[in-house]
Amino acid sequence: MAIEKQTTNIINGTKTMTYQEAKKIIGNQPIWAIKNMIEVLSLPISKFLNTDKDNERLQAGKIILKGNK
């Protein structure tokens, strides 16, 4: 499956994440919840308040949405 091999760069460009890893981080969430999470974690105020774990969830959510198209 093409989605399984899909990777993306995380923030500093050194770590890659597969679709399965992203799915493991996000869990079984509906698309609307993932979109809301991405919106909140992408807010300007969130850019400096986000922890590394939040940034990882943001990238995982983006991969999930990209894979569902």
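Here the structure is shown first, and the text comes after it.
Predicted model only: the values in this text are computed from it and were never measured. (Residues numbered from 1 in each chain as written. Predicted model: local features only at pLDDT ≥ 70, side-chain atom pairs only at ≥ 80, totals over all residues. Heavy atoms only, no water.)

With that settled, the discussion passes to the overall build of the chain. Scanning the chain from N- to C-terminus turns up five helices and two strands. Ordered by position from the N terminus, the helices and strands of the chain form the series α-β-β-α-α-α-α. Residues counted as buried form 33% of the 69 residues belonging to the chain. Considering only contacts within the chain whose residues lie at least 6 apart along the sequence, 57% involve residues at least 24 apart. About 4,900 Å² of surface is accessible on the chain, with carbon and sulfur atoms providing 56% of the total. (Helix = DSSP H or I, 4+ residues; strand = E, 2+ residues; numbered from the N terminus. Buried < 20%, exposed > 50% of the residue type's maximum accessible area, 1.4 Å probe, protein only. Contact = heavy atoms within 4.5 Å. Areas by Shrake-Rupley, 256 points an atom, 1.4 Å probe, with all protein chains shown as cover.)

A cluster of nonpolar residues, Val40, Leu43, Ile45, Phe48 and Leu49, forms a patch on the protein surface that exposes about 510 Å² of accessible area. The biggest single contributor to the nonpolar patch is helix H4 (residues 44-49), with three residues. You can see valine 40 is positioned in helix H3 (residues 31-41). (Patch = residues over 30% accessible without salt bridge, like charges linked within 9 Å, V, L, I, M, F, W, Y side chains within 5 Å. Salt bridge = Lys/Arg side-chain N within 4 Å of Asp/Glu carboxyl O.)

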